[in-house]
Amino acid sequence: MNKSSKHRFDSTKLSQRIASTVASASVRDIHTHLYDPAFGKLLLWGIDDLLVYHYLVAESFRHLDLPYNKFWALTKSQQAELVWRSLFLERAPISEAARGVITTLNRLGLDARQGDLSKIRQWFNEWQPAAFVEHCLDLAKVQTVCMTNSPFDSDERGVWETGIRRHPRFETALRLDPLLLSWKSTMREIRIWGYDVKATLTNKTVLELRRFLRDWTAKINPNYAMVSLPPSFSYPTDSITSQLLEKVVLPHCAEFGLPFAMMMGVRRAVNPGLRMAGDGLGLSDLRALENLCQKYPQQRFLVTLLSRENQHELCVLARKFRNLHVFGCWWFTNIPSIIEEMTAMRLELLGFSFTAQHSDARVVDQLIYKWDHTREVVTKVLQQSYGRLAASGWEPTDAELQRDVGLLLGGSFGDFCRTQPAVLTTGKRSR
Ligand code: FIX
Ligand code: ZN
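Summary of the structure given here. Computed from a predicted structure; not experimentally measured.

1. A closer look at the overall build of the protein chain
Within the protein chain, the regular secondary structure consists of 19 helices and 10 strands. Overall size of the protein chain, expressed as C-alpha extent along the three principal axes, is 70 × 65 × 40 Å. Looking at the protein chain as a whole, 52% of its 431 residues are labelled buried. In the protein chain, of all internal contacts separated by at least 6 residues, the share reaching a separation of at least 24 is 78%. Of the side-chain charges in the protein chain, 54 are positive and 45 negative, and the distance between the mean point of each set is 5 Å.

In structure tokens form, the structure reads like this:
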């Protein structure tokens, strides 16, 4: 046998098989800001919500000749018209978020070129929200979406407290940013809600916070607990965030077998005038994550990072700690050029043991473009990776392609969440 010769395979056929497998694969979207239709007005959909998406507002302000407060004083439809004019009519909608609107309209069967928004609005007005949600989920081939559920959000609390009939395709996640990052003000609220907590973490306060988390966990039945963290996050320290993690949140996750998701590297309100569009990013200290993974070997951590420069280090860390699951190309990294490099790197370092993407959709229609665009890039990356593998002598069968693509689009996340904590114990080094 000539060991140096490359294995022969039909690369065009393989590429086509990969493209059709990725195109038809069903997705489990593990982090969004969407709401179950039972949440009424909290569920965003339609052309105006698509256009006032904070990604697009940030981009519009690069062209708009208008003070921020004047923009915010406008109605949602007026804001949408300004975004439409500045990003779609006065120049081509070339950015990822702007192209996303075009992909979405196009897949919904609408002509984005018809000039003004009134016809598009009319088309949306004919839908009932619940039916539109099903339509978008089906067009995007998304089986389930995970919401972001905050006990600290007054609108959302109200809905949970009145009790709702839950949609089977909407899963839940328990969001804890206010508890971990704005302790003083949050503590006062928790007290008002009937939990006997004090500013210092006395035993009683810890027990009451655990009771608070237990009550919300029973109410919403989350897939995981979660927080977004600033670049300054460090662990261990004597900060209140570190203490709350150690005494309240991680013991709670252990009690309920919940993974803990950390979305690291966001700098909130870099430009407060832009409101939700004003957040930025920074490099995270991954020693903090390493310390957590090391100290809590039975705790499963789900992690995504905002800074492109952190991504390689994160992959290396995931190779060291099997209680760490890497997911998604978050926010400013959710653009084709960066998805491509991140996905290729993750495949090369982690095989299929990561989740390639989450949508972070805020408007249900966005599921269509976020997943279409991700599928384009994942296809390209897999064509390269499997192409190399086939040339080395291992051409995947259709069943294998389906299995592997399924892992990237939610299957690997499911496997990780099902891993028994006892299996994760690392053991001590014996040298
Ligand atoms: O913290 C988060 O979950 C972020 O995804 C949001 O804060 C952010 O506004 C967003 O929508 C990014 O895609
Ligand atoms: Zn998010």
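2. As for the packing of aromatic side chains
With the rule as written, the count across this model stands at 21 aromatic pairs. Three or more aromatic residues joined by ring pairs make a cluster, and in this case those are W45, W123, F124, W127 and F132. For the cation-ring pair, R157 lies above W193, with the distance from its terminal atom to the ring centre recorded as 3.6 Å.

3. Digging into the site of ligand 1
In the region of ligand 1, the neighbouring residues are H31, H33, H54, Y55, R175, S228, M263, R268, W330, W331, D360 and R362. Here an oxygen atom of ligand 1 sits 2.5 Å away from a polar atom, N or O, in the side chain of Y55. Measuring from an oxygen atom of ligand 1, one finds a side-chain N or O atom of R268 at 2.8 Å. Coverage of ligand 1 by the protein amounts to 97% of the 330 Å² it exposes when considered alone. Here ligand 1 is seated within the largest pocket. Grouping the amino acids of the shell around ligand 1 by side-chain chemistry returns 4 nonpolar, 4 polar and 4 charged.

4. Description of the packing of helix α9 (residues 154-162) against helix α12 (residues 203-220)
With their axes 10 Å apart at the nearest point, α9 and α12 run at an angle of 65° to one another. On the basis of their axis angle, the class for α9 and α12 is roughly perpendicular. In the crossing of α9 with α12, the sense of the turn from one axis to the other is left-handed. Across the interface between the two elements, R157, W160 and E161 from α9 touch W216, K219 and I220 from α12. Looking at the contact of α9 with α12 residue by residue, the classes come out as 3 nonpolar, no polar and 3 charged.

5. Examining the sheet that holds strand β1 (residues 27-29)
If you walk across this open sheet you meet the 3 strands as β1-β2-β3, and the pairing is parallel. On the outer flanks of this sheet lie β1 and β3 (170-171), each paired with one strand and no other. By the bridge criterion, 2 bridges tie strand β2 (residues 142-146) to β3 in an arrangement that is parallel. Looking at β3, one finds that V145 is bridged to F170. Each of β1 and β2 touches helix α17 (residues 366-392); the most contacted strand, β1, lies at about 120° to it.

6. Here we look at the coordination of the zinc ion (ligand 2)
For the zinc ion (ligand 2), every protein donor is listed as H31 (NE2), H33 (NE2) and D360 (OD), and the spread of their distances is 2.0 to 2.2 Å. As a motif over one chain, the donors of the zinc ion (ligand 2) read H-x1-H-x326-D. Taking the relative accessible area as the measure of exposure, H31 reaches 0% and is therefore buried.

7. What about the layout of surface pockets?
Reported here for the largest pocket is a volume of approximately 1100 Å³. Lining the largest pocket are 36 residues; nearest its centre among them are H33, L44, H54, M276 and R362. For the lining of the largest pocket, the elements supplying multiple residues, two or more each, are α3 (54-60), α5 (76-89), α9 and α10 (177-181). Partitioning the lining of the largest pocket into residue classes produces 17 nonpolar, 7 polar and 12 charged.

8. Thoughts on α9
Within α9 the residues assigned to the buried category are E156, R157, V159 and W160. Projected down its long axis, α9 carries its buried residues within an arc of 165°, all on one side. Exposed residues lying more than 90 degrees from the buried face of α9 are S154, D155 and T162. Among the structural elements, α12 are those in contact with the buried residues of α9. Residue D153 occupies the N-cap position of α9, its side-chain oxygen lying 3.0 Å from the main-chain nitrogen of D155. Directly beyond the C-terminal end of α9, a positive phi value near 90° is found at G163.

9. Examining the sheet that holds strand β10 (residues 324-326)
On the basis of which strands lie adjacent, the open sheet formed by 5 strands has the order β4-β5-β6-β9-β10 and parallel pairing. Edge positions in the sheet fall to β4 (174-175) and β10, since each has one partner strand and no second. Taken together, the 5 bridges between strand β5 (residues 225-229) and strand β6 (residues 260-264) define a ladder with parallel strand orientation. When the bridges of β6 are listed, M226 appears paired with A261.

10. Some thoughts on the pattern of salt bridges
All told, the structure shown has 27 salt bridges when counted by the stated rule. For D398, the salt bridge goes to R17, with nearest N and O atoms at 2.6 Å. Of this pair, D398 sits in helix α18 (residues 398-418) while R17 sits in helix α1 (residues 11-24), and the two are 381 residues apart along the sequence. Using a relative accessible area of 45% as the deciding quantity, one classes D398 as partly exposed. Note that K380 and E340 form a salt bridge whose closest N and O atoms lie 3.1 Å from each other. Here the residue K380 occupies a position in helix α17, and E340 occupies one in helix α16 (residues 336-350), the gap between them amounting to 40 residues. Among the ionic contacts, a cluster of salt bridges with common partners joins R17, E395 and D398.

Cut-offs applied
- Residues numbered from 1 in each chain as written.
- Chains lettered and ligands numbered in written order.
- Predicted model: local features only at pLDDT ≥ 70, side-chain atom pairs only at ≥ 80, totals over all residues.
- Heavy atoms only, no water.
- Helix = DSSP H or I, 4+ residues; strand = E, 2+ residues; numbered from the N terminus.
- Buried < 20%, exposed > 50% of the residue type's maximum accessible area, 1.4 Å probe, protein only.
- Contact = heavy atoms within 4.5 Å.
- Lys, Arg positive; Asp, Glu negative; His and termini not counted.
- Charge placed at Lys NZ, Arg CZ, Asp CG, Glu CD.
- Phe/Tyr/Trp six-rings, centres within 6.5 Å; stacked < 30°, edge-to-face > 60°.
- Lys NZ or Arg CZ within 6 Å of the ring centre and 35° of its normal.
- Near = heavy atom within 4 Å.
- Polar contact = N/O pair within 3.5 Å; in protein donor to acceptor, adjacent residues only side chain to side chain.
- Areas by Shrake-Rupley, 256 points an atom, 1.4 Å probe, with all protein chains shown as cover.
- 1 Å grid on protein atoms, 1.4 Å probe; cavity = no way out; pocket = protein on both sides within 12 Å on 5 of 7 lines; lining within 4 Å.
- Sits in = over half its atoms within 2 Å of the grid points.
- Nonpolar A, V, L, I, M, F, W, Y, C, P; charged D, E, K, R; others polar.
- Axes fitted to C-alpha atoms, helices over the stretch in contact; angles between N-to-C directions.
- Parallel < 35°, antiparallel > 145°, perpendicular 65-115°, else oblique.
- Left-handed = near helix turned anticlockwise from the far one by under 90°.
- Pairing = 2+ DSSP bridges.
- Donors = N, O, S within 2.8 Å, 3.2 Å for Na, K, Ca; no water.
- Points joined across faces, edges and corners; volume = space filled by probe spheres on them.
- Arc of directions from axis to C-beta.
- Salt bridge = Lys/Arg side-chain N within 4 Å of Asp/Glu carboxyl O.

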